[in-house]
Amino acid sequence: MSTAPSAGPASEPRVVVVTGGSRGLGAGIVRSYLASGDLVATCSRSSTPEVEAWASDAETADRFLFEEADLSQREDADRFVKAVIERWGRIDVLVNNAGVARDGILGMVSDDDLDTVIDLNLKGTLYVTRQVSRRMLARRSGAIVNISSIVGLSGYRGLAVYSATKAALDGLTRALSRELGSRGITVNSVAPGYLRTEMSHGLDEDQLQQIVRRTPAGRLGDPDDIARVVQFLTAPGCDYLTGQVIVVDGGLTA
Ligand code: NAP
């Protein structure tokens, strides 16, 4: 029976890439890997106080890398991955978290909004994953998690473009798991329900309370709920779980 880890030897820290880790869910995932002792790289278009703290804190500074990058631009995505390789020589875990939503029924969506959502959520994820998967293939190990959404499974009125990109990520997860599985690389989606982050600020208090009432767990999610599942999927030895979409929504869509 194989006991080969899916994401680097357990004895040494893993090199973890989390896109869009400057705030919200991505910051929660970065925090969780830093707490596990891993080497963590992240990027976003601009820095935040939390990023500055990780970069300067004696506890994390040597294990943390931040690059300003707009992942909807292929050159930026390539540059970010290159910077991680130059710093640590490999990537064991990739968490594709950066994402953006724009509200509006499809008939009224502007060209700009349509491009913004597709260019980051879908094309940005493909740019980064293309670069990272090449490196993982060469090393014959790795774990990739795509952060999709329950709206990619169930749809949501006023979020057609966003829902389409999230469903596409789940399709990417399934296809890539077949492409990379024989080389010891796992690929899964984590589909969160509603989280208290800047992205859900578009929902008013009434909508949020309605979601809470319909959620068996009786609350909105927080980044730690999702980070724990991402950690599980990328843990050494979790190498027989691949090609799946794991819904983490407090039971909302059960
Ligand atoms: P958020 O608070 O808006 O954070 C998004 C992160 O992505 C930020 O770090 C942001 O930094 C970065 N980002 C945005 N545009 C970028 C770009 N072009 N290039 C690089 N980085 C970019 O969102 P969140 O709620 O944490 O969402 C994180 C992920 O979870 C997304 O994929 C989202 O679709 C998914 N999700 C969220 C919820 C929810 O209820 N919040 C539910 C299901 C799924 P900059 O703006 O500085 O670039």
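Residues numbered from 1 in each chain as written. Predicted model: local features only at pLDDT ≥ 70, side-chain atom pairs only at ≥ 80, totals over all residues. Heavy atoms only, no water.

In the nomenclature of an unreviewed UniProt entry, the chain corresponds to 3-oxoacyl-[acyl-carrier-protein] reductase from the organism Nocardioides nanhaiensis. The UniProt entry for the chain carries the following text under Sequence similarities (unreviewed entry): "Belongs to the short-chain dehydrogenases/reductases (SDR) family." (UniProt positions renumbered as here; feature names shortened; annotations may be inferred.)

Peer 1: Outline the nonpolar core, listing residues and values.
Peer 2: Within the largest apolar cluster, 43 residues are counted, with the highest numbers of intra-cluster contacts made by Leu71, Phe80, Val84, Ile91 and Tyr194. In this view, Ile91 contacts Val15, Val17, Val81, Val84, Ile85, Val132 and Met136; residues no more than four positions away in its chain are not counted. In this structure, Ala27, Trp54, Leu195 and Val230 belong to the second largest nonpolar core, which totals 25 residues. (Core = buried A, V, L, I, M, F, W, Y, C linked by side-chain atoms within 4.5 Å. Buried < 20%, exposed > 50% of the residue type's maximum accessible area, 1.4 Å probe, protein only. Contact = heavy atoms within 4.5 Å.)

Peer 1: So, the pattern of salt bridges: which residues are in play, and what are the values?
Peer 2: In this structure the tally under the stated criterion is 15 salt bridges. A salt bridge links Asp76 to Arg79, with the nearest nitrogen and oxygen atoms 3.5 Å apart. Here Asp76 and its partner Arg79 are both found in helix H3 (residues 74-88), 3 residues apart, which amounts to about one turn of the helix. Across the pair Asp92 and Arg139 runs a salt bridge, and its minimum N-O distance is 3.6 Å. Of the two residues, Asp92 sits in the loop between H3 and strand S4 (93-96) while Arg139 sits in helix H4 (residues 111-139), which places them 47 residues apart along the sequence. Accessibility expressed as a relative area gives 39% for Arg139, which makes it partly exposed. (Salt bridge = Lys/Arg side-chain N within 4 Å of Asp/Glu carboxyl O. Helix = DSSP H or I, 4+ residues; strand = E, 2+ residues; numbered from the N terminus.)

Peer 1: Give a description of helix H8 (residues 223-233) that names residues and reports values.
Peer 2: Among the 11 residues in H8, 8 count as buried, and that is most of the element. The complete set of buried residues in H8 reads Pro223, Asp225, Ile226, Ala227, Val229, Val230, Gln231 and Leu233. In the core, the buried residues of H8 are packed alongside helix H1 (24-35), S4, strand S5 (142-147), strand S6 (185-192) and strand S7 (245-248). You can read the cap of H8 off the contacts: a side-chain oxygen lies 2.9 Å from the backbone nitrogen of Asp224, and it is on Asp222. (Polar contact = N/O pair within 3.5 Å; in protein donor to acceptor, adjacent residues only side chain to side chain.)

Peer 1: Would you mind going over the sheet that holds S6 in detail, with residue names and values included?
Peer 2: Taken in spatial order, the 7 strands of this open sheet run S3-S2-S1-S4-S5-S6-S7, and their pairing is parallel. Looking along the sheet, the strands with just one partner apiece sit at the ends: strand S3 (64-68) and S7. Neighbour-to-neighbour, the strand axes of this sheet turn through a mean angle of 15°, independent of strand direction. Here strand S1 (residues 15-19) runs beside S4; their pairing, made up of 3 bridges, is parallel. (Pairing = 2+ DSSP bridges. Axes fitted to C-alpha atoms, helices over the stretch in contact; angles between N-to-C directions.)

Peer 1: Go over the confidence of the model for the chain with me, naming the residues and quoting the values.
Peer 2: On average, residues of the chain score 95 in pLDDT, and 96% of them reach the 70 mark or higher. Counting interchain partners and residues more than four positions distant, the pLDDT-below-50 stretch residues 1-6 has 15 contacts. (pLDDT = per-residue confidence, 0-100.)

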